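# Chain and residue survey
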Amino acid sequence: MDSGVEASGYPPAGRAKILLERAVNPIPSPRRELEQYTTPADIAVRIAVDALLRGLLEGALAADLAAGTCRLGLALLLYGASRVAAVEVDGRLAGLCLGAAEKLGLGGRIFFVASRVSRRRGPLAVGSVDLVATNPPFGVWRRGADWEVLEYALRLKPRAVYAILKSGNMGFHAARAAGLGYSTLLISREHFPIPASMPGHRSRVRRVSVDVVLFTRGG
């Protein structure tokens, strides 16, 4: 994967992972009701590289929904996105997101919007972005929370949506996405590490199986 990336003048995936881990701090005092888990840098980079190699990313206007500290959005910028709108309900994360962008030399290209998204409601206009990446809540504490973010992403009508979704729900998401005109492709299955950071966490690090999924409009 790295050879094609380097040929395009972008950093190798391993280097980009290190840059993101150094620049972007984990979410401080994560809130359980929002299912706030920091996106692993390697998964963020894998999504960005996949989008680049598929011709979906260079020069794109992109959005990172349920952005947290914006690791997905920053990865998209590292690999050629023009600008990113980072939409996150927790406004206290704005400083971490924008500060990381400055550290990476990406200042002025990511815009933090403190807002909740839910199916048909959110701050972005339909057709305003070419690509969306999202690590939504897994829907463990509030059933359907993952689909609420994903449906909103699809209703923006971008060319493609990348989503990190808890494994076991792909059939449901694929059927709903088809109704909105999108086909579904499993990119990879990953082990998402969740450090003990909330009341009730008993393991030092719990690894949750997730699907990295690509939804493309019009097949």
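The structure we're discussing is the one just above.
The notes below deal with the structure included here. Model, not experiment: these values are computed from the prediction.

## A look at unusual backbone geometry
For Ala66, which is not glycine, the phi torsion reads 55° and is therefore positive. Looking at where Ala66 falls in the secondary structure, it is placed in the loop between β1 (61–65) and α4 (71–78). For Ala66, a relative accessible area of 24% gives the class partly exposed.

## Let's talk about the packing of aromatic side chains
Within this structure, the stated rule accounts for two aromatic pairs. Judged by centre distance (6.0 Å) and plane angle (50°), the rings of Tyr10 and Tyr79 are tilted. With Tyr10 in the loop between α1 (2–7) and α2 (13–23) and Tyr79 in the loop between α4 and β2 (83–88), this residue pair connects regions lying 69 residues apart in the sequence. Taken individually, Tyr10 and Tyr79 each receive the classification buried, so the pair is uniform in this respect. For the ring pair Trp147 and Phe172, a centre distance of 6.1 Å and an interplane angle of 80° mean the geometry is edge-to-face.

## Some points on the pairing of strand β5 (residues 160–166)
Of all seven residues making up β5, six are buried, and the element is well covered by its neighbours. Across four bridges, the pairing between strand β4 (residues 131–134) and β5 is parallel. Considered in β5, the bridge of Ala133 is made with Tyr162.

Conventions we followed
- Residues numbered from 1 in each chain as written.
- Predicted model: local features only at pLDDT ≥ 70, side-chain atom pairs only at ≥ 80, totals over all residues.
- Heavy atoms only, no water.
- Helix = DSSP H or I, 4+ residues; strand = E, 2+ residues; numbered from the N terminus.
- Buried < 20%, exposed > 50% of the residue type's maximum accessible area, 1.4 Å probe, protein only.
- Phe/Tyr/Trp six-rings, centres within 6.5 Å; stacked < 30°, edge-to-face > 60°.
- Pairing = 2+ DSSP bridges.

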